[in-house]
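# Secondary and tertiary structure notes
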Amino acid sequence: MNEYFAGIDIGSTAVKIVVTDADRQIIGSKTAATGALVFKNAQTAFSSLLDEIGLERKHVSYLTTTGYGRKLFLDADETISEITANAVGAREVGKPFGTIRTIINIGGQDSKGISLDEYGNVTNFAMNDRCAAGTGRFLDMAARNLEIEVDDLGPFHFAAKGIPAAVNATCAVFAESEIIGLLGNGHEREEIVKGIHFSIAKRTIRLVKKVGIEELIYFDGGPALNKGLVAALEDELGRRLVIPAIPQVTTAYGAALIGLESHGYEKREQAKEFAIPVVAEESEVAHACGACSCG
Ligand code: ADP
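Conventions we followed
Residues numbered from 1 in each chain as written. Predicted model: local features only at pLDDT ≥ 70, side-chain atom pairs only at ≥ 80, totals over all residues. Heavy atoms only, no water. 1 Å grid on protein atoms, 1.4 Å probe; cavity = no way out; pocket = protein on both sides within 12 Å on 5 of 7 lines; lining within 4 Å. Points joined across faces, edges and corners; volume = space filled by probe spheres on them. Helix = DSSP H or I, 4+ residues; strand = E, 2+ residues; numbered from the N terminus. Nonpolar A, V, L, I, M, F, W, Y, C, P; charged D, E, K, R; others polar. Domains from an automatic or database assignment. Near = heavy atom within 4 Å. Polar contact = N/O pair within 3.5 Å; in protein donor to acceptor, adjacent residues only side chain to side chain. Areas by Shrake-Rupley, 256 points an atom, 1.4 Å probe, with all protein chains shown as cover. Sits in = over half its atoms within 2 Å of the grid points. pLDDT = per-residue confidence, 0-100. Contact = heavy atoms within 4.5 Å.

## Some points on the layout of surface pockets
Here the largest pocket is characterised by a volume of approximately 770 Å³. Every residue lining the largest pocket is counted, 39 residues in all, and those nearest its centre are Gly107, Gly108, Gly222, Pro223 and Gln248. Contributions of two or more residues to the lining of the largest pocket are made by strand 1 (4-10), strand 2 (14-21), helix 2 (82-93), strand 6 (102-106), helix 3 (136-145) and helix 4 (153-159). Here the residues of the lining of the largest pocket sort into 12 nonpolar, 16 polar and 11 charged. Counting the residues that make up the lining of the largest pocket, at least three belong to each of domain 1 (4-88 + 250-271) and domain 2 (99-243).

Shown next, in the form of structure tokens:
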């Protein structure tokens, strides 16, 4: 019988779900808004992904949850920190490129720098979860102010003809007034978008430098879908980044892989338990009933 493993990453902005088979291959993935009804929305997204890939909950041998809402899934077999899950997912996805040593993760409400050793173990991390500047929320706010969709930010970046507008505010609230001021001074939206990307890139690199930046560098989280931000980061770093095909689901994938390993370990332990009691029970019965003279 085939075995399947699910990883659910309940982030502040989006729920990400990955189902793998026992060969670590992704069978299906899904992203849905976290919303206010966090558990209900995550559960609905999980059921709908299972429907899409023709599986039922009972086919999932092991469910691992991660992210800020990870404890909400009471039927999860395991919960794991998003730093560990992100590292495991990035190590696996990045294999064709080499060994991932640095992860830049930008989420809806936070940004992180994670450093890994040559075996893929987490050695250090730095996180900004106090300030919206440099996070997906900042990009969402900027897109709203510029009256564009968040997935237009990339095309707007590359369409900029003039020099990127200087967006200096380090606080999202001040940046909002700065953007409105730039529009009022006649700056094109494209130049403002490009300026915002460079401002986020500089801020992110300052954060990641706290853990040290080593090759290969992996960039994930929803904002990694924004090719303009990717270009600004690569420009500021002077290096290419490894961008996964589906940047939002690396952490969910890592959680599923951790579940796959845990399940394998549990199965091996169970096999050992079943092997030993057969002998133990026989001798216990013999000693208890005194039916033999073996002592
Ligand atoms: P979290 O794990 O904190 O919930 P995510 O990694 O899912 O966050 O990232 C959410 C952010 O990703 C959003 O705030 C948004 O800025 C960005 N994002 C989502 N979809 C896109 C897209 N198609 N293009 C550009 N950015 C996107």
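From this point, things continue past the structure.
## Here we look at the site of the ligand
Close to the ligand lie 18 residues; Thr13, Ala14, Lys16, Asp140 and Gln248 are nearest. Lys16 is positioned with one of its side-chain polar atoms (N or O) 2.6 Å from an oxygen atom of the ligand. In this structure, an oxygen atom belonging to the ligand sits 2.7 Å away from a side-chain N or O atom of Gln248. Across the complex, the protein chains shield 85% of the 580 Å² of accessible surface that the ligand would expose by itself. Using a 2 Å cut-off from the grid points, one finds that the ligand occupies the largest pocket.

## Some thoughts on the confidence of the model for the chain
Averaged over every residue, the pLDDT of the chain is 91; the share at 70 or more is 93%. Contacts for the low-pLDDT stretch residues 280-295, under 50 throughout, to residues beyond four places or in other chains number 4 contacts.

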